[in-house]
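Understanding the architecture of this molecule
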There are 2 protein chains.
Amino acid sequence: MSSNISNEAEEIVSQANDQAQKGHSSKSGKKSTPKKPSKKTEAHIEGASQLGIEVRKEVDFSLWYKQVLRRSEMLEYYEEVSGCYIIRPLAYNIWQEIQNFFDAAIKELGVENTYFPMFVSQRQLEREKDHVEGFAPEVAWVTKAGSNNMESPIAIRPTSETVMYPYFAKWIRTHRDLPLKLNQWCNVVRWEFKNPQPFIRTREFLWQEGHTAHFTKEEADTEVYQILELYRQVYEDMLAFPVIKGIKSEKEKFAGGLYTTTLEGFIPTTGRGVQAATSHCLGQNFSKMFDIVIEDPNAPAGPDGKDAKKMYVWQNSWGISTRAIVIVIPCGITSKTTEDEKKRVEDKINHVVKELKSAEIKAKSDLRENYSPGYKFNHWELKGVPIRLEIGPRDLSKEQTLMIRRDNGVKEPIPLADLTSRISDTLKCIQKDMFDRAKKVYDDHVKLVLNWDDFVPNLDNKNFVLTPWCEEEKCEDSIKEKSTRHTTEQEAEDEKAPSMGAKSLCIPLEQPNDPPIIPGETKCVSCGALAKRYALFGRSY
Amino acid sequence: MSSNISNEAEEIVSQANDQAQKGHSSKSGKKSTPKKPSKKTEAHIEGASQLGIEVRKEVDFSLWYKQVLRRSEMLEYYEEVSGCYIIRPLAYNIWQEIQNFFDAAIKELGVENTYFPMFVSQRQLEREKDHVEGFAPEVAWVTKAGSNNMESPIAIRPTSETVMYPYFAKWIRTHRDLPLKLNQWCNVVRWEFKNPQPFIRTREFLWQEGHTAHFTKEEADTEVYQILELYRQVYEDMLAFPVIKGIKSEKEKFAGGLYTTTLEGFIPTTGRGVQAATSHCLGQNFSKMFDIVIEDPNAPAGPDGKDAKKMYVWQNSWGISTRAIVIVIPCGITSKTTEDEKKRVEDKINHVVKELKSAEIKAKSDLRENYSPGYKFNHWELKGVPIRLEIGPRDLSKEQTLMIRRDNGVKEPIPLADLTSRISDTLKCIQKDMFDRAKKVYDDHVKLVLNWDDFVPNLDNKNFVLTPWCEEEKCEDSIKEKSTRHTTEQEAEDEKAPSMGAKSLCIPLEQPNDPPIIPGETKCVSCGALAKRYALFGRSY
């Protein structure tokens, strides 16, 4: 459960702006722009870059990222406590959309929502040594209440295994209490000392954490992949952000778990990966630590006093952490426009918004006085609104509105009579086009590498590498070492010159078959031992 | 914003069980039971009281309350940190239903969701002295991260005024930025040292806090009452829990605010009041403290260099803190039932559940083996499920199911062909009946008192008192003093003998008119000065 709200929002922003920039780069003649925007549109874009984002992401990704988040009003810096940020409505709405989808989907699977306290005693937190070791350096401790020192310090949850599993042990007595499937939407705290990054590395973040217990390993396995598929739907179908499904290497899996499945995303500008969400099978490791046992129904206590056979339950845990409105803007209102005309335009706009809303399309009007249409275009473009409608006195007489797509700048008059169906179709089309373009970029950056000599150069060209691998941890360490350029840590962190070592991102569920791995023949690209499967390697956040 | 998840859940439980007990008290001949239950039903009830609740609420309310919460699986005690509790799915679902309704309703009013950090620096928390004074003794402080002591301690939010308002000052520059309407769903921490009570007094609780800023007092006023009405809908229309709308006295209002509106509920068993939710107009007090100012659009900066007139915004804040499924149970399966018959019953049950779900009725089957129907009846009754359906081999042949209402024990066979419409109508009927009964109990316990001699005796008989009042704080103090029986504090806390002083709960929006208050004539019931309005007094949680 290492993904959080951060990753996602970054991707959304990156994605949104990536698409936006493509749409607006018609000057550079990229073929993705179906129409050359009119002069008027170009002017708006120039206005946008003045009022909006002052740097291109290719030039300074980090600054660009911060500007996008703040100026779109997705996020505000919280000055009082470093590493904490204010999630503003635009970003929170995305999170709520994800919640609505995912919450309904897991309820279909029989998962129930719960809320456990955010406080953990020291004793409880430290009950599972291996597990706490990973979190200990980042745990925030409450030691005072009012003016009194507490008897013993109390931790704020970095994750809830140690909070929940003692109660699993209490609630699960027989196989009839299984499966137990709980989920909670909550905040967690990891007091990192590395440089904080909005959304990427924050000290408090929102997430969902699912914790389930099953009678058999087969049931647990099935659920791991059901959840992974739901996470994929969130990223690809809702957010148009392509991901690769796979399994983590032994080195990269969740500590204490049996195996970890993952979604791996890709940030084209930096060529780095982002872990999007993970679904773990914990096996019986935690049930053994927390004594979550049932009597084997096939070997019950005998009448002769023979004890029933005990069985440890099979557990999973899975987590994911933190777009479509139409904006309608009055246009063509000049000093010659009569008050009556102006009122009729505004009435029509209100009517249009109402009509769209009744068709469950999120629509809003911007009737603010004293702001020019150009200012408003820019304002809503920055926020990533996919469709803009313009209505002026002339449109009124023709019973039409001008529709502008944010993703490709295409303008088209549409009859008001067909409004909802056309908007609805266009939103679907934008979603598909954005995903297809992003998917193509991702695919183009996954390079099949069969010789070590091609490995690092491909990474340096901001690609992922898909390569036959032996799956041994010492080989993974060696690949990391061999792919590191020995620069300062600051340079390594710098997106402009990613030089950190590559790690295995996952073993993709979908394996290449040209050439296929031939058992006993295909060699590992790094160590030359026999390769088991293709693995995806890359530099990652 | 003093209400929380606790109050509500307590009321729900109290309500649910109140109704349930009424329904089951047919032996005592209360007229509210439409049908005398059959012998079989009585047996189930006895089974229920063995497996379920072992004490009557009239005998030991406190123990009864704890048993209901734990045995219905609404809540679990959290052993590791005192004053914290686990909200289990049954209770969390209620909270989610409230969230769904209220979140959609405030969005209609233009409120947007946001998430501010839960951490506040000491400097920021203490910026508003009066405000912090009320919370200081209960603030939890984080002083360590990992093994490092922090430079200065950081507080966990007890409420978010001091977290949010500096950003209101930053974001609000002109009247065009108004209204600003933000809301967040979050956890807050108040480290109380009084005896913790599940839901009533907990150290961490979930709530929603709305914070809005307006251009005029009129707009702010309108919103205060819009929100109060939404809270009423939550309590009365969703939870069938009657409340009285009113205004808090000067003594009881939110410190630092202009005025506080409230919903006051009533727990019949103890005769004590519960504040259900509050909606405050903060006036301009906070905007002055946090410097949330705009330029008066009617007095802008002059070309002569004259400064624009500054205007402080008008602010509000409002908060509220933390049931209908149908359970279908196979019955009449005996040792003579064939496997084939059993399978047909289960198939029919699955079909019924699917049909109800597709009509948006929350339905569930209990097909667990090795549990008797009686055990299952009790299990789901404890959880407050309002309708039980029984299906057995004989029902199958008649294409019917037996429907049992939890609130009054009435049994009725209904044809499967009419299933969804009949269930839907019955749920509405149960909701209405429960509210009507609870409303009658509440109304019966609000006593019009025109002489002081009747004041305390009515309180001692577990009533509220509606009485002409001067609205002076010293008179309120005197009433409290005169209505206190001087027992130990423990006794005063004890629900069996409530002897604490009465406080003004609210000045009801709906005033009695028989007799009406005659200005210059009607006297205050306590001090004899002129009365302004009727006020509601009572002992309260």
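Note that the structure is a prediction, hence the values are computed from the model and not measured.

**As for the overall build of chain A**
- Of the regular secondary structure elements, chain A holds 16 helices and 23 strands.
- When burial is assessed residue by residue, chain A has 58% of its 541 residues classed as buried.
- As presented, chain A carries roughly 23,100 Å² of accessible surface, and 50% of it is formed by carbon and sulfur atoms.

**Here's the deal with the interface of chain A and chain B**
- At the junction of the two partners, chain A supplies 61 residues and chain B supplies 61 residues.
- For the pair chain A and chain B, the summed buried surface comes to about 5,400 Å²; carbon and sulfur atoms form 55% of the total.
- It is Tyr115(A), Phe119(A) and Arg176(A) in chain A that bury the most area against chain B; as a group they hold 12% of the surface buried on that side.
- Linking chain A with chain B are eight salt bridges, by the criterion used here.
- One salt bridge connects Arg123(B) with Glu80(A), and the closest N-O pair in it is separated by 2.4 Å.
- Scanning the region where chain A abuts chain B turns up 40 residue pairs in polar contact (both at pLDDT 80 or more).
- The dominant element in the side of chain A that touches chain B, judged by the number of residues it contributes, is strand β5 (residues 140-145) of chain A, at six residues.
- Partitioned by chemical class, the residues of the side of chain A that touches chain B number 34 nonpolar, ten polar and 17 charged.
- Direction of pairing for β5(A) relative to strand β5 (residues 140-145) of chain B: antiparallel, over a ladder of five bridges.

**Considerations on the relation of the copies chain A and chain B**
- Least-squares fitting of chain A to chain B yields an RMSD of 0.1 Å, with the transformation described by 0.0 Å of translation along the axis and a rotation of 180 degrees. A rotation of that kind, with that shift, is consistent with a two-fold axis. No C-alpha of chain A lies nearer the rotation axis than that of Val142(A), which sits 2.1 Å from it.

**With respect to the side chain of Thr337(B)**
Residues and elements named next belong to chain B.
- Turning to its location among the elements, Thr337 is positioned in the loop between β15 (325-330) and α10 (339-358).
- Residue Thr337 is classed as buried on the basis of its relative accessible area, which comes to 15%.
- Of note is the side chain of Thr337, whose polar atom sits 2.7 Å from the backbone nitrogen of Thr334.
- Beyond its immediate chain neighbours, meaning those up to four positions away, Thr337 contacts Gly332, Lys342 and Pro393.

**Quick word on the pairing of strand β11 (residues 272-283) of chain B**
- Counted residue by residue, β11(B) has twelve buried out of twelve residues, so it is predominantly covered.
- Hairpin connection from strand β10 (residues 259-267) of chain B to β11(B): four residues lie between these consecutive antiparallel strands, with Gly271(B) at a positive phi of about 70 degrees.

**Some words on the packing of helix α4 (residues 89-108) of chain A against helix α8 (residues 217-238) of chain A**
All names here are of chain A.
- Contact geometry of α4 with α8 gives a least axis separation of 11 Å together with a crossing angle of 150 degrees. Classified by the angle their axes make, α4 and α8 are roughly antiparallel. Here the hand of the crossing between α4 and α8 comes out right-handed. For the pair α4 and α8, contact is made by Glu97, Ile98, Phe101, Phe102, Ala105 and Ile106 and by Ile227, Leu230, Tyr231, Gln233, Val234 and Met238, respectively.
- Broken down by class, the residue content of the contact of α4 with α8 amounts to ten nonpolar, one polar and one charged.

**Brief notes about helix α3 (residues 61-71) of chain A**
- Every buried residue of α3(A) is listed here: Phe61(A), Trp64(A), Tyr65(A), Gln67(A), Val68(A) and Leu69(A).
- Following α3(A) by one or two positions, Glu73(A) adopts a phi angle in the positive range, close to 65 degrees.

**Considerations on the environment of Gln431(A)**
Residues and elements named next belong to chain A.
- Counting through the fold element by element, Gln431 comes out in helix α13 (residues 419-444).
- In the structure, Gln431 is positioned 24 residues away from Asp407 in sequence and 9.4 Å away in space, judged by C-alpha atoms.
- If we skip the residues at most four places from it in the chain, Gln431 touches Glu236, Asp237, Met238, Leu239 and Ala240.
- Within the local environment of Gln431, its side chain forms a polar contact with the backbone oxygen of Asp237, the two atoms lying 2.6 Å apart.

**Concerning the pattern of salt bridges**
All names here are of chain B.
- Throughout the structure, instances matching the rule amount to 74 salt bridges over all chains.
- Across the pair Arg71 and Glu54 runs a salt bridge, and its minimum N-O distance is 3.2 Å. Of the two residues, Arg71 sits in helix α3 (residues 61-71) while Glu54 sits in the loop between α2 (39-51) and α3, which places them 17 residues apart along the sequence.
- For Arg71, a relative accessible area of 32% translates into the label partly exposed.

**Structural notes on helix α11 (residues 373-382) of chain B**
- Among the ten residues of α11(B), seven are classified as buried, and the element is accordingly described as predominantly covered.
- One or two residues past the end of α11(B) sits Gly384(B), with phi positive at roughly 80 degrees.

**Overview of the sheet that holds β5(A)**
- Read from one edge to the other, the open sheet built from six strands follows the order β4(A)-β6(A)-β5(A)-β5(B)-β6(B)-β4(B), with strand pairing classed as antiparallel. Looking at the sheet topology across the chains shown, the edges are occupied by β4 (119-121) of chain A together with β4 (119-121) of chain B. Ignoring strand direction, the axes of neighbouring strands in this sheet form an average angle of 45 degrees.
- Pairing of β4(A) with strand β6 (residues 148-156) of chain A involves three bridges; the strand directions are antiparallel.

**A word on the nonpolar core**
- Within the largest apolar cluster, 130 residues are counted, with the highest numbers of intra-cluster contacts made by Phe119(A), Ile156(A), Phe119(B) and Ile156(B).
- Among the elements that line this core, the one with the most residues is helix α4 (residues 89-108) of chain B, at eight residues.
- Core analysis: the next-biggest nonpolar cluster, separate from the first, contains 47 residues, Tyr92(A), Leu206(A), Ile267(A) and Tyr115(B) among them.

**Overview of the packing of aromatic side chains**
- Summed over all chains, the structure comprises 50 aromatic pairs over all chains.
- Between Phe102(A) and Trp185(A), the ring centres sit 6.3 Å apart and the planes meet at 90 degrees, which makes this aromatic pair edge-to-face. Taken as a pair, Phe102(A) in helix α4 and Trp185(A) in strand β7 (residues 180-189) lie far apart in primary sequence, 83 residues in all. For the pair Phe102(A) and Trp185(A), one class covers both residues: buried.
- Seen in terms of ring centroids, Phe254(B) and Phe286(B) are 6.5 Å apart; in terms of plane orientation they differ by 25 degrees. Their pairing is stacked. Pair noted here: Phe254(B) is in the loop between β9 (244-247) and β10 and Phe286(B) is in helix α9 (residues 285-289), with a separation of 32 residues, a long-range link.
- Counting every residue linked through ring pairs, the aromatic cluster contains Trp95(A), Phe102(A), Trp185(A), Tyr231(A) and Trp318(A).
- It is Arg388(B) that lies over the ring of Phe377(B); its NZ or CZ is 3.7 Å from the centre.

**Thoughts on the packing of α10(B) against helix α13 (residues 419-444) of chain B**
All names here are of chain B.
- Here α10 crosses α13 at 60 degrees, and the two axes come no closer than 10 Å. By the angle between their axes, α10 is oblique relative to α13. The handedness of the crossing between α10 and α13 is right-handed. Touching Val352, Glu355 and Leu356 of α10 are Leu419, Thr420 and Ile423, all from α13.
- Partitioning the contact of α10 with α13 into residue classes produces four nonpolar, one polar and one charged.

**Comments concerning the sheet that holds strand β20 (residues 446-448) of chain A**
- Sheet architecture is open: eleven strands sit in the order β3-β7-β8-β14-β11-β10-β9-β22-β23-β21-β20 (chain A), paired in mixed fashion. Each of the sheet's edge strands pairs with one partner strand only, and the pair in question is β3 (112-113) and β20 of chain A.

**Quick look at the side chain of Lys348(B)**
- Among the structural elements, Lys348(B) can be located in helix α10.
- A distance of 3.5 Å separates the side chain of Lys348(B) from the side chain of Glu399(B), its partner in a polar contact.

**Looking at the confidence of the model for chain A**
- Looking at chain A as a whole, its pLDDT mean stands at 84, while 87% of the residues score no less than 70.
- Predicted confidence is poor over residues 1-50 of chain A, with pLDDT under 50, and the contacts of this stretch with residues over four places away or in other chains come to 128 contacts.

**Remarks on the pairing of β5(A)**
- In terms of burial, β5(A) is largely enclosed, as five of its six residues are buried.
- Hairpin geometry of β5(A) and β6(A) is characterised by an intervening segment of two residues between the two adjacent antiparallel strands and by a positive phi of about 60 degrees at Gly146(A).

**What to know about the state of the cysteines**
Residues and elements named next belong to chain B.
- Under the defined criterion, the tally for this structure stands at zero disulfides over all chains.
- Considering cysteine sulfurs only, Cys475 is the nearest to Cys470, which forms no disulfide, with 3.6 Å between them.
- The class of Cys470 is buried, set by a relative accessible area of 4%.

**Section: unusual backbone geometry**
- Residues Asp514(A) and Pro515(A) are joined by a peptide bond in cis, for which omega reads 0 degrees.
- In this model, Ala240(B) sits at a positive phi of 55 degrees, which is unusual for a non-glycine residue.
- Along the chain, Ala240(B) turns up in the loop between α8 (217-238) and β9.
- Residue Ala240(B) is classed as buried on the basis of its relative accessible area of 1%.
- Of note, the phi angle at Lys462(B) is positive, near 65 degrees, even though the residue is not glycine.
- Residue position: Lys462(B) is located in the loop between α14 (455-460) and β21 (464-469).

Rules of the game
- Residues numbered from 1 in each chain as written.
- Chains lettered and ligands numbered in written order.
- Predicted model: local features only at pLDDT ≥ 70, side-chain atom pairs only at ≥ 80, totals over all residues.
- Heavy atoms only, no water.
- Helix = DSSP H or I, 4+ residues; strand = E, 2+ residues; numbered from the N terminus.
- Buried < 20%, exposed > 50% of the residue type's maximum accessible area, 1.4 Å probe, protein only.
- Areas by Shrake-Rupley, 256 points an atom, 1.4 Å probe, with all protein chains shown as cover.
- Contact = heavy atoms within 4.5 Å.
- Buried area = accessible area lost by both parts, 1.4 Å probe.
- Salt bridge = Lys/Arg side-chain N within 4 Å of Asp/Glu carboxyl O.
- Polar contact = N/O pair within 3.5 Å; in protein donor to acceptor, adjacent residues only side chain to side chain.
- Nonpolar A, V, L, I, M, F, W, Y, C, P; charged D, E, K, R; others polar.
- Pairing = 2+ DSSP bridges.
- Least-squares fit on C-alpha atoms with pLDDT ≥ 70 in both.
- Axes fitted to C-alpha atoms, helices over the stretch in contact; angles between N-to-C directions.
- Parallel < 35°, antiparallel > 145°, perpendicular 65-115°, else oblique.
- Left-handed = near helix turned anticlockwise from the far one by under 90°.
- Core = buried A, V, L, I, M, F, W, Y, C linked by side-chain atoms within 4.5 Å.
- Phe/Tyr/Trp six-rings, centres within 6.5 Å; stacked < 30°, edge-to-face > 60°.
- Lys NZ or Arg CZ within 6 Å of the ring centre and 35° of its normal.
- pLDDT = per-residue confidence, 0-100.
- Disulfide = S-S within 2.5 Å.

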